[in-house]
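Working through the structure, step by step
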Amino acid sequence: MNPQAGILEPPPSAGRHLTFDLKHAGNIRAALQRLKSAAPPSCVVGVGAPLAKALGASIEGLRSFPSLPGCGLQPPSTQSALWVFVREQSTSECFDTARMLERELIADFALVEEVGTFVYRGGHDLSGYEDGTENPRGADAVAAAIVAAGPLQGSSFAAVQRWLHDLTGFQALSALERDHTIGRALQGNDELPDAPVSAHVKRSAQESYDPPAYMVRRSMPWSEGGEHGLYFLAFGESLDRFERVLTRMIGAEDGVVDGLFGFTRPVTGGYYWCPGQSEGHLNLSPLGL
Ligand code: HEM
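Here is what the cut-offs are and how they apply
- Once a new chain begins, its residue numbering starts again from 1 and follows that chain's sequence as written.
- In keeping with the predicted nature of the model, local features appear solely for residues at pLDDT of at least 70, side-chain atom pairs appear and are counted solely at 80 or more, and the whole-chain, interface and lining totals rest on all residues.
- As a convention, hydrogens and water are excluded, and side-chain values are obtained from all of the structure's heavy atoms.
- For Na, K and Ca the donor cutoff is 3.2 Å, while for all other metals N, O and S atoms count as donors only within 2.8 Å; water does not appear among the atoms, so some sites may look incomplete.
- A run of H or I in DSSP counts as a helix once it spans at least four residues, and a run of E counts as a strand once it spans at least two, with each numbered from the N terminus.
- Each residue is assigned to one of three classes by its accessible area relative to the maximum for its type, calculated with a 1.4 Å probe on protein chains only: buried under 20%, partly exposed between the two thresholds, exposed over 50%.
- Cavities and pockets were defined on a 1 Å grid built over protein atoms only: a cavity is a set of grid points that admits a 1.4 Å probe from which the probe cannot escape, a pocket is an open set flanked by protein on both sides within 12 Å along at least five of seven lines, and lining residues are those with an atom within 4 Å of any such point.
- Grid points are joined across faces, edges and corners, and a volume is the space filled by probe spheres set on the points.
- Along the arc lie the directions from the helix axis toward the C-beta atoms.
- Contact definition: two residues touch when any of their heavy atoms are within 4.5 Å.

**Some points on the coordination of the iron atom of the ligand**
Donor atoms from the protein around the iron atom of the ligand number only one, His 200 (NE2), found at 2.0 Å. With respect to the secondary-structure elements, His 200 resides in helix α8 (residues 200-203).

Next up, the structure:
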């Protein structure tokens, strides 16, 4: 079985994230069959624990986004039933695809959030820093993000968090303080060996975990109604990779909080299982469909 193509491809020119909850008395089996036929192969579809449970299915490794207390920071859990990452060449196509999918689902699922995402300056976060530099690539990306064997072979797990930035506060810092928040130089993107231990890339250095916590990040900026930030998205062959990194970022390991929290914070958090694809369609057989 193949992974959903959008997991291993770089972020698209335009994106749209749709999150759905279960609807009372919704016919979720029929809705998922319609989604299977309608979803373009460019989309990435993820199933949350509440949906698997409602179907009476057990997906090994799938759980709801946890409550992780750390140094007073508590990344929120806003676990939903279903998440769709619409990936297209343009905002117009994203809008049309999202509307089409909503029409297929809306009788049986409740739309909770719909957020458009975009590429900023060729792949930078709105803070100005390049994002995705240390992503594993090729066979390393497959090993990090895709389940290699067993009944879930070809599938993946997504961690999704919408982060809300205070860019005015960040831009009021000196250039050095900003570089030390991230741990990389804005100009040239070089890693800064003398950055403080709180620097984001020091907290998240994938090879510093045991076992290493390589993950495939496909985050994109968002901006709506005067607010903006990063729609963080990471794929892993299990959710543990993301969770170990987030646990360290919030200071729960050693009391050192990631410098990122000085200017941004997560406002949503969800975990989703992303089924594999066969013959161009989602393989929902692990859900009994
Ligand atoms: C607003 C939130 C975030 C921003 C703005 C952000 C930004 C960045 C930037 C600029 C880099 C350096 C370039 C790169 O390698 O991509 C980076 C690296 C990284 N980030 Fe984040 N990040 C955010 C949240 C997160 C979260 C929630 C996680 C996981 C829990 C995470 C995991 C990583 C990892 C694993 C790396 C690569 C570290 C390495 O091995 O060098 N990031 N991030």
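That shown, we press on.
**Some remarks on helix α9 (residues 240-249)**
By the criterion of burial, α9 is predominantly enclosed, with 7 of the 10 residues buried. Within α9, burial applies to Arg 241, Phe 242, Glu 243, Val 245, Leu 246, Arg 248 and Met 249. Downstream of α9 by a residue or two, Gly 251 has a phi angle that is positive, lying close to 85°.

**A word on empty space enclosed by the protein**
Applying the stated criterion across every chain yields a total of 2 cavities of 30 Å³ or more. Of the volumes computed, that of the largest cavity is approximately 60 Å³. Every residue lining the largest cavity is listed: Gln 4, Lys 36, Ala 39, Pro 40, Pro 41, Cys 43, Val 45, Gln 277, Gly 280, His 281 and Leu 282. Taken as a whole, the second largest cavity encloses approximately 40 Å³ of empty space. The wall of the second largest cavity is formed by Phe 157, Ala 158, Ala 159, Met 215, Ala 234, Phe 235, Gly 236, Ser 238, Leu 239, Arg 241 and Phe 242.

**Here we look at helix α2 (residues 28-38)**
Turning to α2, its buried residues are Ile 28, Ala 31, Leu 32, Leu 35 and Ala 38. Projected down its long axis, α2 shows its buried positions confined to an angular sector of 130°, all on one face. The inward-facing, buried residues of α2 contact β1 (14-22), β2 (44-47), α3 (49-54), β3 (82-88), α4 (91-105) and β4 (109-118).

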